[in-house]
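Spelled out from the first residue to the last, the chains are:
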Amino acid sequence: MRAPAASADRLPVAIVAIDEETYRTPPFAGAPKDAWTTEIAQVLGAVIDGGASVVGFDVIFATTIERYNRGHDRPFLLALRQAAAAGKVVLGKVQHQQHPIEPFRGQLIAVGTDADRNVRSVNVFIDPDDVIRSVPLLFDTDDAKDGERETAMALELAARHLKAEVALLSDGRVRLGDRPIPGSEQNTMLLRFPAPLARLPVYSFADLAACAEDGARDFFVRHFAGRVVLLGTVLDVEDRKITSARLTTGPESAYVGARCVNPPMAGLFDDAVVRPTVPGVFIHATAVANLLGNSMLAQPPAAVSLALLLLLSLASTALVTALAPSLAVAAGAGVALTWSGAGMIAFGQSLVLPLVPGLATLALAFALALAYRIVVADREKRFLRRSFSLYLAPAVVDQLVASETPPQLGGETREITAYFSDLVGFSTLSETTPAEIVVEKLNAYFSAMAEIIEGEGGFVDKYVGDAIVAVFGAPVPVPDHAARAVRAALACQRRLAEMNATLFKESPIGQRIGLATGPAIVGNIGSGRKFNYTAIGDVMNVAARLEQANKSLGTTLLCTAATRASAGDGFAWREVDRITVRGRRAEVVVFEPSTPAS
């Protein structure tokens, strides 16, 4: 008999399910399962007559009512004998301590003198977390001859379907026909369950019994020809297993297959309930489908898996070591996503990477490396930052920490904008106010001005009495240092006006500022025992003179022509005068900037 044409969606396996509907349908309702042998014989004969390549029993009839009803099992035993003679039936047994749980003796006699060939174990492997991910391929049993190992149920059914031999290779792998089974070195096969599980064709035994009674042979041909058929239980409680497909199971109604006579029984299932377990027969059906379609999963060798985990650990550690914590977190998340994507791609190629262990390794290595960095590796950097931040520009401190070398004497010529400011009326405040209050107010003033200067990218070089010396354009070069200095000066004036209304309300003070742009030598200048990061040059002298010139010109902020040209037209400029600066022959043109009206 020729099987129907195969399709990509047609699995080479089918399940005859002794299900909840069977237990509720006459003549099975209220009767013990041992009393169903006549109907089982009818279904077995119809399935084989319909073209099934082989039938495996995942249900064990270990007892009989033959003692109480002589001849009751005769049709069943005859059906088994005929199927066994054609090599088309395999009964199931369970390896259990010293003695297996087997079908009752009459069945063993019925399947022939070579009964051990027609009875196979249906045991599965359960991982330490109680999840079934793989099945055994071979068993060591007392029945095996001459030290041979016995094939498991799924492997035996696949071998009969393919008419292929099973052999154990010298490297420990199991060969089915001319094809070694991937991952079989450990005598296991990693299961790849169909997605969704509802792809497994499941037929209610009660409906098939009625179908066989009606003689509907065409139905059996359409649905069982060319397939391996498994008879097993699909019940609410009995023989339910947690598998690696526990997150992709569906409602029980999804496992109701095609019907021959009776429509599905209503009210059996609640579609809102999705259970993580599957019937045990689904495991063997999946194993057979994997063997026939060569679609089983494989894992990389243990050494490769360990190497991958080590690489992830090293990558995580390298990220924490090389990057700032925030960037390391982002990069670590990227590595985790990449690893997850690689796992998905590999799974599509039937390769199972250690996805969860990899993510756990990545996270653990990241946490440990980050903790080490915070507690140990960055301790010296934090000490340097705290120690020098009070004396050096923030950018200088950053460079010092990043270089991991002690600061050394030296400098370079660079164009900068120098900032000089001095207070007006501070002497009067000092004479009329207690010293501790004077210091408190002066510190508040310095803090406010320094915040503005540093906010514009400058750094405070030094405080001289109540004067502030600052530099823009160093140590980090910025092309708009002149504009930054002008913005900072105008902002300092506005901030002082606010402070005069609060902190200096009793004795308001004024401020004079001079800005000059030009080349200067910037760097660590001083002696081998004590030095400062500072700037020296004519531009510093000019800025100081302009600050003083404010007094005679009646202004509060003066800039050189170079500052005006470099700062650009983002400000309103007023040419004030030409002044003579000590040390310079040519007069200096000075300008007063202001914020343009909006």
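In case you missed it, the structure is sitting above this.
Residues numbered from 1 in each chain as written. Predicted model: local features only at pLDDT ≥ 70, side-chain atom pairs only at ≥ 80, totals over all residues. Heavy atoms only, no water.

A. Expanded view of the state of the cysteines. Following the criterion strictly, the structure yields 1 disulfide and no others. Bridging Cys211 to Cys260, the disulfide has an S-S length of 2.1 Å. Measuring the twist about the S-S bond at about 70°, one finds the Cys211-Cys260 disulfide to be right-handed. Of the two residues, Cys211 sits in helix α6 (residues 205–214) while Cys260 sits in the loop between β14 (240–242) and β15 (277–279), which places them 49 residues apart along the sequence. Using a relative accessible area of 0% as the deciding quantity, one classes Cys211 as buried. Under the relative-accessibility criterion, Cys260 is labelled partly exposed at 24%. (Disulfide = S-S within 2.5 Å. Helix = DSSP H or I, 4+ residues; strand = E, 2+ residues; numbered from the N terminus. Buried < 20%, exposed > 50% of the residue type's maximum accessible area, 1.4 Å probe, protein only.)

B. Examining the pattern of salt bridges more closely. With the rule as written, the count across this model stands at 21 salt bridges. Across the salt bridge formed by Arg120 and Glu150, the nearest N and O atoms sit 3.8 Å from each other. Taken together, the residues span a long stretch of sequence, with Arg120 in strand β4 (residues 119–121) and Glu150 in strand β7 (residues 150–151) at a distance of 30 residues. We note that Arg120, like Glu150, is buried. Members of the salt-bridge network, linked through shared partners, are Lys93, Arg120, Glu150, Glu156 and Arg160. (Salt bridge = Lys/Arg side-chain N within 4 Å of Asp/Glu carboxyl O.)

C. Region of the structure containing the sheet that holds strand β8 (residues 166–168). Judged by pairing direction, the sheet is antiparallel, and its 3 strands sit side by side in the order β8-β9-β10 without closing on themselves. In this open sheet, the two strands that pair with only one neighbour each are β8 and β10 (179–180). Two elements, strand β9 (residues 174–176) and β10, share 2 bridges in a ladder whose sense is antiparallel. Each bridged residue has a counterpart across the sheet, and for Leu176 the counterpart in β10 is Arg179. (Pairing = 2+ DSSP bridges.)

D. Looking closely at empty space enclosed by the protein. In the structure shown here, the tally under the stated rule is 2 cavities of 30 Å³ or more. Within this model, the largest cavity holds a volume of roughly 70 Å³. Lining the largest cavity, in full, are Val16, Ile40, Val43, Leu44, Val47, Val55, Phe57, Phe205, Val229 and Leu231. Counting only elements with at least two residues in the lining of the largest cavity, the list comes to α2 (37–49), β2 (54–57) and β13 (228–234). In terms of residue count, the dominant contributor to the lining of the largest cavity is α2 (4 residues). A class-by-class count of the residues in the lining of the largest cavity yields 10 nonpolar, no polar and no charged. Of the volumes computed, that of the second largest cavity is approximately 40 Å³. In terms of lining, the second largest cavity is formed by Ser121, Asn123, Val135, Pro136, Ala152, Met153, Ala154 and His284. (1 Å grid on protein atoms, 1.4 Å probe; cavity = no way out; pocket = protein on both sides within 12 Å on 5 of 7 lines; lining within 4 Å. Points joined across faces, edges and corners; volume = space filled by probe spheres on them. Nonpolar A, V, L, I, M, F, W, Y, C, P; charged D, E, K, R; others polar.)

E. Representation of the packing of aromatic side chains. Within this structure, the stated rule accounts for 14 aromatic pairs. Ring centres 4.3 Å apart and planes at 35° place the aromatic pair Phe446 and Tyr463 in the tilted group. Of this pair, Phe446 sits in helix α15 (residues 435–455) while Tyr463 sits in strand β17 (residues 459–464), and the two are 17 residues apart along the sequence. Tyr463 gets classed as partly exposed once you look at its relative accessible area, which sits at 40%. Judged by centre distance (6.0 Å) and plane angle (80°), the ring pair of Phe571 and Trp573 falls under edge-to-face. Exposure remark for Trp573: the relative accessible area of 19% places this residue in the buried category. Each residue in the set Tyr23, Phe28, Trp36 and Phe205 is aromatic and connected to the rest through ring pairs, giving one cluster. (Phe/Tyr/Trp six-rings, centres within 6.5 Å; stacked < 30°, edge-to-face > 60°.)

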